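Tertiary structure, described
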Amino acid sequence: MLKPQQSVILLRLDEPAAQAVRNKYIFYTYNGGSNTISSITSTTGPVGKYTPQLRIGTSGFSAQRFTSDYASISYNPKDHYIYYLWTALSSFSGSGSVPRTYIWRWAAGTMPTGTAPRLDTLCSFQADLLGVAFDNNGNAYVIEFSSEANGVPHTAYLRSIDFTTRTMGAADNLSLTGGATIYVSGSGDVAMSPSGQMFL
């Protein structure tokens, strides 16, 4: 499907403020030969931009939960699903303890845009998770942040995560290059290259 030196990159970005709906999934093409990125502007087809319709709980008409705030996306090369994570930092009806990260997933090339019902969560974890990265075997890893009493700076941990058993592995402290300090946990992303390198 992909030509040499060319791939399709999935990104979640906000539309310009002038747009009526700002939160969307937008696909881009990357050309390695010219080192350029171009947005795909179509709203149809497997790489058209769209706004997922997501819910929490059994009510088919519960509130829309898709947002770009405190959220991230990732593609699992083994099961060919897109995973979306959103962390609730404030409690709401039925949320339980916070912070809590909710996970949704859907097959790549599909658009969960129906509202009756919206797509429900796969699972949730009582943790502040930045995002998930998958290796080629489908093994998943997340970045988790500690909850300091004064809010900052944060300590970051790397953990394995299993969405089938709903379990996370032991925390492994991250030492950032140059002694960098994390003051904001709601921004950034985590990605894994095909060779197994992780990038924050």
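What you see is a predicted model; the values in this text were computed from it and never measured.

Before going further, it helps to spend a moment on the overall build of the chain. The helix and strand tally for the chain stands at zero helices and 14 strands. If you list the helices and strands of the chain from N to C, you get β-β-β-β-β-β-β-β-β-β-β-β-β-β. In the chain, which comprises 200 residues, the share counted as buried stands at 36%. Within the chain, counting contacts between residues at least 6 apart in sequence, those at least 24 apart form 47% of the total. Total accessible area on the chain stands at roughly 11,000 Å², and carbon and sulfur atoms take up 51% of it.

In this section: the confidence of the model for the chain. Counting all residues, the mean pLDDT for the chain is 76, and 72% of those residues have values of 70 or more. Between residues 1-6, whose pLDDT stays under 50, and residues either more than four places distant or in other chains, the model counts eight contacts.

For the rest of this paragraph, the subject is the pattern of salt bridges. In the structure shown here, the tally under the stated rule is two salt bridges. Its salt-bridge partner being R105, residue D79 comes within 3.6 Å of it at the nearest N-O pair. Residue D79 is found in the loop between β4 (71-76) and β5 (81-88), and its partner R105 is found in strand β6 (residues 100-107); the two are separated by 26 residues along the sequence. Since its relative accessible area comes to 25%, D79 is described here as partly exposed. Exposure remark for R105: the relative accessible area of 32% places this residue in the partly exposed category.

Here we come to the side chain of T87. Its location among the elements puts T87 in strand β5. Of the polar contacts made by the side chain of T87, one reaches the backbone oxygen of L129; its length is 3.3 Å. Here T87 is in contact with Y70, P99, R100, T101, A127, D128 and L129, once residues within four sequence places are set aside.

The next point concerns the sheet that holds β6. An order of β4-β5-β6-β7 is seen for the four strands of this open sheet, with the pairing classed as antiparallel. With one partner strand each, in any of the chains shown, β4 and β7 (123-125) form the two edges of the open sheet. Sheet twist, expressed as the mean angle between neighbouring strand axes with direction ignored, is 25°. Pairing analysis gives six bridges linking β4 to β5, with the strands arranged antiparallel. Directly across from A71, in β5, lies its bridge partner W86.

For the rest of this paragraph, the subject is unusual backbone geometry. The omega torsion across V98 and P99 is 5°, close enough to zero to call that bond cis. Its location among the elements puts P99 in the loop between β5 and β6. Not every positive phi belongs to a glycine, and Y70 is a case in point at roughly 50°. Relative to the assigned elements, Y70 resides in the loop between β3 (36-39) and β4. Despite not being glycine, R166 shows a phi value in the positive range, around 60°.

In this section: the nonpolar core. L54, Y84, W86, Y102, W104 and W106 are the most contacted members of the largest nonpolar core, which has 15 residues in total. Contributions of two or more residues to this core are made by β4, β5 and β6. For this core, the element with the highest residue contribution is β5, accounting for four residues. Contact partners of W86, with chain neighbours within four places excluded, come to I56, R65, T67, D69, Y70, A71, F92, R100, T101, Y102 and W104. Ranked by size, the runner-up nonpolar core spans 13 residues in total, among them Y83, C123, F125 and V132.

Rules behind the numbers
Residues numbered from 1 in each chain as written. Predicted model: local features only at pLDDT ≥ 70, side-chain atom pairs only at ≥ 80, totals over all residues. Heavy atoms only, no water. Helix = DSSP H or I, 4+ residues; strand = E, 2+ residues; numbered from the N terminus. Buried < 20%, exposed > 50% of the residue type's maximum accessible area, 1.4 Å probe, protein only. Contact = heavy atoms within 4.5 Å. Areas by Shrake-Rupley, 256 points an atom, 1.4 Å probe, with all protein chains shown as cover. pLDDT = per-residue confidence, 0-100. Salt bridge = Lys/Arg side-chain N within 4 Å of Asp/Glu carboxyl O. Polar contact = N/O pair within 3.5 Å; in protein donor to acceptor, adjacent residues only side chain to side chain. Pairing = 2+ DSSP bridges. Axes fitted to C-alpha atoms, helices over the stretch in contact; angles between N-to-C directions. Core = buried A, V, L, I, M, F, W, Y, C linked by side-chain atoms within 4.5 Å.

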